[in-house]
Amino acid sequence: MTLAFKSTGSRQLKNSLAKWLITLGGISVLFTLVLIFMYLLYVIKPVFDSAKVEPLSQITLSSTNTSLSTGVDELKEVAYQIDNEGLATFYRLKATDQHSVGSVLLTQRLISEGAQLTHSVNAGLDLLLLIDSNNNNTLVSPDFKATYTADSREIVAKIEYPLGEESLIIDENEATIKKVAFGMDTEKAVFVASTADGRLIKTSFIADDDFTYDPAYEVNFQEIEFYSKTVDDILVTPDLSLAFVKSGNTVSVFELDDEDNVPLKTVIKPKTTITSLALLSGSSSILIGDDKGVISQWFEVAAEGNRDFQEIRTFSNETGEAIKHIYTEQFRKSFYTVTETGVVDIFYTTSEAELWSGKMLTKAPDAFAISPRADAIITILDDSLVLTAVHNEHPEVTWSALWNEVWYEGYQEPDYIWQSTSGTDDFEAKFSLVPISFGTIKAAFYAMLFAVPIAITAAIYTAYFMTPGLRKKVKPTIELMEALPTVILGFLAGLWLAPIVEIYLPAIFLLVLFLPLSTLIAAFAWYNLPKEIKVKIPETLAPIILIPVLLVSLYFAFALSPVVEASLFGGDVRQFITNELGINFDQRNALVVGIAMGFAVIPTIFSMAEDAIFSVPRHLTSGSLALGATQWQTLIKVVLLTASPGIFSALMMGLGRAVGETMIVLMATGNTPILDWSIFQGMRTLAANIAVEMPESEVGSSHYRILFLAAFVLFVFTFVFNTLAEFVRQRLREKYSSL
Amino acid sequence: MMKNSNKEQKNMNKWFSSGSPWIWLSAGGVSISLISVLGLLWLIASKGLSYFWPAEIHEFKSIDQHGKHTTVIGEIYDREFIPASQLAHTSIVLDPTQETVERLLVKTGNRELVSLDFRWILVPQIQSTSTPEELAVIERRTNGNFYGYIDSVVLDGKEVEKSKLPELLTRVDNFQEEIDQLQTTDIGAINYQLERLRLKERKYKLDNQLTEARKQELASKTQALKDEYTTLESELMALRDEVARDHIVVRAMDGQKVTINFEHILNITYNNKLGLFEKVGTFLSQIGGFLIDDPREANTEGGVFPAIFGTVLMVLLMTVIVSPFGVVAAIYLHEYAGKNALTKLLRIAVINLAGVPSIVYGVFGLGFFVYMVGGSLDQLFYPETLPSPTFGTPGVMWSAITLAILTLPVVIVSTEEGLARIPSAMRHGSLALGATKAETLWRIILPIASPAIMTGIILAIARAAGEVAPLMLVGVVKMAPNLPLDGNFPFLHLDRKFMHLGFHIYDVGFQSPNVEAARPLVYATALLLVMIIISLNMTAVSIRNRLREKYRMLEH
């Protein structure tokens, strides 16, 4: 007795411990779902964050001269300044053990003493053409090399001369250069300049071998025919194919590829007062800023047989002040604008987004540069250099760019495009979720089109007409289909069904006709059988009787297929569809997916709809039958009506499954993201897209996050369907129990 | 006549108004479903099993439109009828009344002689077909099968009787086994230990504990292992030489003579000579080989053992994780949860966990488990291997956890159903006798519900075994160099990637260079997977049914 008493305390303790543990375990299910939801959101969120701008460091420059150029290294540790006396100074932006912020790393004179630097023209990252008042031209490249010691990293700053320290001869006649632009790759450097004597010239330095290791070159001078004497601004594309020459409010475009002549390609005439020009990364677009704070993007569009520059889209800064300068990023389609009063705006072209806007400075800076990783900007105004961090990892993604038509460079018109990777470097990823969402809906639609009639009729018959003995065997057999791995269905669809459908296409359509027809014929034949036989083979065996009948009609459909093909479609349906109807025909198309995924969805719908119909209370049907209604009338007017919410929830579940199915679509379609309802073409779905692209997307990139967004869309979609279905089912269950 | 058709019309109308046609149509739905399920299973079974059946080797002598005679030796792989019009552009002369032409797809093997190991031949061009008994199928380690007549057997440079062949094959087999043992187990173990020593040194270095003594010790251990490696290597070389001692000379279909060394030969069979029993024997041994051999030729030949092993291991791990959680959650829902909003939310959560597309779990698993949790684990416990990740990369453990979440609702729903069937009288009885709720649960409820729990677990296993999409993101690979379980400490390598039957099907069927040749193997793998899953399901269903019967008896 005492023993029992003693243990009561520990028993109670165990009991409440168990209660807590089990409650915790139960709630962990909810926690898991919420965790998935929150984690997906957590990964997606940065994509939609707007740009954040924060000052990192500010230093006071030792030189009080006007600055012409600036730049910063990749890790934002060292910046350089080039002033109008040709002095290059490197400053530390980050304190180390020995050095403080703002200490000078290196000072180097780039032009002879006493001379003034008249031009410092940038081409690409840290490649500058310097022209001084003595008409000396040099190419310089401020260089930052990281050296590693045992436990620290040291940056060594240096000035490189890619084409040697000697003055370059850009103009044959050695006239004073007024405006100049240049571009350089490993084989060629091209200069386009306007001279004091009113000529427009193009000079090419053609490398003997390769500029990366041999600065030797040959020069080719050309004069460009140009109608105007005034040249305000010149730009040369980094791929050295085009030059843009601004004169007043027109921009003339010249082709530079030919070494013999420089033809005028076209003249861009925007209807505004041009205040600034810039080339967008990728050399296809030109940005034109005007006096009203509007920037327009222009690129070539093929129209009426020839390609011409068109205004694609415009951006405006809210202040309405003239755009003094446009600075573009090196690798992305972002650009920065600066006004006279120091207002800085950040835009992204294809997503048409204004990422940031604010008055960063008191007036327009003397020098401005974007860091190599585009995560900071550096500005010099008078004697103060400011490094400002720009957190802007995913400028190309906006809600509207994901779901609206976007006009990409090189395309004829705005379009929905999903194209996440490509072979070339300056390729712009195109993330429109429309084609893949459309593909998801298309696949689900064709699957449901195939599955719903079969699943629902089968459910009705099994639940309402079938004998219990047969039902006990039939139901698990059909439900067995649900257990079949979808990878097997997909494999059969892609490698077995797709070729059959391709060869016997007419048979598939004949079957739509043959199967119901043969069923009706068999039914009518049975109806007209003598009574004695009817007793022996009762109507309740209909599904079994029909199996051979349907198999025969299946055989006939396939046997007739070549005949139909020969007589109606001239021997080849595929050619008929492609040539006569003008529809593309893919071997792995929506028809195949519809059939294969239909099979995967049938058991889901069947099982739940059958349950709903079967659990309709018997007294309802008995009452109806007692009042003289036929079996069929009772079914339609009483049973289906009562069970309709259950059938609805079955359809929702089926749809949810079809939407999220991955392997079948992956294997049975060509996975091309197209917008086309055609049953003879494939599609790419959200789920398959994730399976294809996720393994090769870089962690943390826009692509990675958008794939998470695709998963999130799937999650929300199925969440809505499932919750709705469950809700309806709960209500139905309560209704039944009250009946 | 008029009267007759009127009567028929009436009969028709009566038939329609009875609703019978619609009933029959709905019966048609059942029939179509049944035909498709059974047809699908039959298709997979027949195609899968025929892969193992020793096919007859035919020798076709044909003459083409230019009067050229050719001999083709091989297995008939497929036959089809093509419209005669498709051949109209060639100069082939056909019977003009014929609308279709039969053609055979013949697997000719002999990949080193011809670029394609399949060939179409038109039946009208075939002059004669025979199945000579002397035709041999030589199964090889590389380059696929070789079909031809064995001309001579050469033992160490001297020609010997053909009857010596089986003996020589057994000898080589034994050597090959030894080589495998040496290569994978012994040398593999040394490499593994060397890598561990390297990591140990790095760890000491990172922790600033690399003293001279330790350095010495590690160096001497490394040297010892390297010495052992050298001896093993020379042993391996000796064995390789032994294996490569003999060769056979085979005459191919075009009369060309080819020397095949025994080191490449796996098996030689004379398919045309085999009687029924021998065929059954070969059939069974082929199935056995399929189940226990390693894959060859980029998975398109050989067995699927690593895939079976990977699937089973991953599913077992998943079971260990999912069972307690699923059962506890079901107990909470049925025994503890009150009728409140939280319970409703929980039920919605369960339904949604079941309905969320599996690929979403894959995405979640990759982001959360692999990169976030795994990445943190690496930082904390495996800094010495960084930057190459240990757990911060897809692997078998993450796959198991991801699939555990995916199958959680299966276990919950099934267990809860079992709990619901237990008459409340049993709970009341136990509580009335003074047992606490926990004791009632542990002693009364759980034992009775255990078959239902089993059912749930089996269904979860079946679901997990067939799931591929999420695994493609969290741990499955085309070809894993090592099994996740081996003889090297700590034996179970949860961080390793693994092979999986379902992924094997996808990969070989859709990503392999020679899909046509690999297709039968894919059917065989599909059959294996289907059989595993269906037998699991049937077991679960039969347990459930028996359970239902039992409870029905309890109620009365």
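Residues numbered from 1 in each chain as written. Chains lettered and ligands numbered in written order. Predicted model: local features only at pLDDT ≥ 70, side-chain atom pairs only at ≥ 80, totals over all residues.

**Here we look at the overall build of chain B**
Across its full length, chain B carries 14 helices and 13 strands. Taken along its principal axes, the extent of the C-alpha atoms in chain B is 115 × 95 × 45 Å. Across chain B, the fraction of contacts at a sequence separation of at least 24, relative to all contacts at a separation of at least 6, is 71%. (Helix = DSSP H or I, 4+ residues; strand = E, 2+ residues; numbered from the N terminus. Contact = placed C-beta atoms within 7 Å.)

**A look at the packing of helix H12 (residues 631–660) of chain A against helix H15 (residues 702–738) of chain A**
Residue and element names in this part refer to chain A. Put simply, H12 and H15 touch, their axes get as near as 8 Å, and they point 160° apart. Classified by the angle their axes make, H12 and H15 are roughly antiparallel. Like other packed secondary-structure pairs, H12 and H15 cross with a definite hand, here left-handed. Every residue of H15 that contacts H12 at Pro 645, Gly 646, Phe 648, Ser 649, Met 652, Met 653, Leu 655, Gly 656, Val 659 and Gly 660 is listed here: Leu 714, Phe 717, Thr 718, Phe 721, Asn 722, Leu 724, Ala 725, Val 728, Arg 729, Arg 731 and Leu 732. Here the contact of H12 with H15 is composed, by residue class, of 13 nonpolar, six polar and two charged. (Axes fitted to C-alpha atoms, helices over the stretch in contact; angles between N-to-C directions. Parallel < 35°, antiparallel > 145°, perpendicular 65-115°, else oblique. Left-handed = near helix turned anticlockwise from the far one by under 90°. Nonpolar A, V, L, I, M, F, W, Y, C, P; charged D, E, K, R; others polar.)

**Concerning the sheet that holds strand E15 (residues 242–247) of chain A**
Adjacent strands of a sheet pair through backbone hydrogen bonds, lying either parallel or antiparallel. All names here are of chain A. In spatial order, the strands read E14-E15-E16-E17; together these four strands make up an open sheet with antiparallel pairing. The sheet is open, and its two borders are formed by strand E14 (233–236) and strand E17 (264–268), each paired with just one other strand. Adjacent strand axes in the sheet meet at a mean angle of 20°, parallel and antiparallel pairs treated alike. Where strand E16 (residues 250–255) meets E17, four bridges bridge the pair, whose relative direction is antiparallel. Directly across from Val 251, in E17, lies its bridge partner Ile 268. (Pairing = 2+ DSSP bridges.)

**Some details on the environment of Arg199(A)**
All names here are of chain A. Structurally, the position occupied by Arg 199 is in the loop between strand E11 (188–195) and strand E12 (200–207). Of the residues examined, Arg 199 has 18 C-beta atoms within 10 Å and is grouped as partly exposed. With 360 residues separating them in the primary sequence, Arg 199 and Ala 559 have C-alpha atoms 80 Å apart. (Buried ≥ 20, exposed ≤ 12 C-beta atoms within 10 Å, placed from the backbone.)

**Quick word on the domain arrangement of chain B**
All names here are of chain B. Here the domain parsing of chain B yields domain 1 (58–134), domain 2 (154–273) and domain 3 (309–555). Using only C-alpha atoms to locate each centre, domain 2 and domain 3 end up separated by 39 Å. With seven residues of domain 2 at the interface, the matching set in domain 3 holds five residues. Looking at side-chain class alone, the side of domain 2 that touches domain 3 contains four nonpolar, one polar and two charged residues. (Domains from an automatic or database assignment.)

**Comments concerning helix H8 (residues 542–568) of chain A**
Of all bends in H8(A), the biggest is about 35°, found at Ser561(A), and the proline Pro562(A) comes one to four residues later. Those residues of H8(A) lying buried are Ala542(A), Pro543(A), Ile545(A), Leu546(A), Leu550(A), Ser553(A), Ala557(A), Ser561(A) and Glu565(A). Those residues of H8(A) that are buried are in contact with helix H3 (433–465), helix H6 (505–527) and helix H9 (573–580) of chain A together with helix H2 (20–50) of chain B. (Bend = angle between axes of the 7 residues up to and from the residue.)

**Here we look at the environment of Lys246(A)**
Residue and element names in this part refer to chain A. One can find Lys 246 in strand E15. With 22 C-beta atoms counted inside 10 Å, the residue Lys 246 sits in the buried group. Between the C-alpha atoms of Lys 246 and Glu 428, which are 182 residues apart in sequence, the distance is 27 Å.

**Things to note about the sheet that holds strand E21 (residues 306–316) of chain A**
Residues and elements named next belong to chain A. Ordered in space as E18-E19-E20-E21, the four strands form an open sheet in which the pairing is antiparallel. A strand with exactly one partner marks an edge of an open sheet, and here the two such strands are strand E18 (274–279) and E21. Mean inter-strand twist for the sheet, computed between neighbouring axes without regard to direction, equals 25°. Relative to strand E19 (residues 285–290), E18 runs antiparallel, the two sharing five bridges. Bridge pairing in E19 places Ile 274 opposite Asp 290.

**A closer look at the nonpolar core**
Ile605(A) and Ala711(A) are the most contacted members of the largest nonpolar core, which has 223 residues in total. With 20 residues, the single largest contributor to this core is H3(A). The residues contacting Ala711(A), other than those within four sequence positions of it, are Leu40(A), Ile690(A), Ile359(B), Val360(B) and Val363(B). Counting residues in each nonpolar core, the second largest holds 92 residues, with Ile82(A), Phe182(A), Phe309(A) and Ile346(A) among its members. (Core = buried A, V, L, I, M, F, W, Y, C linked by C-beta atoms within 7 Å.)

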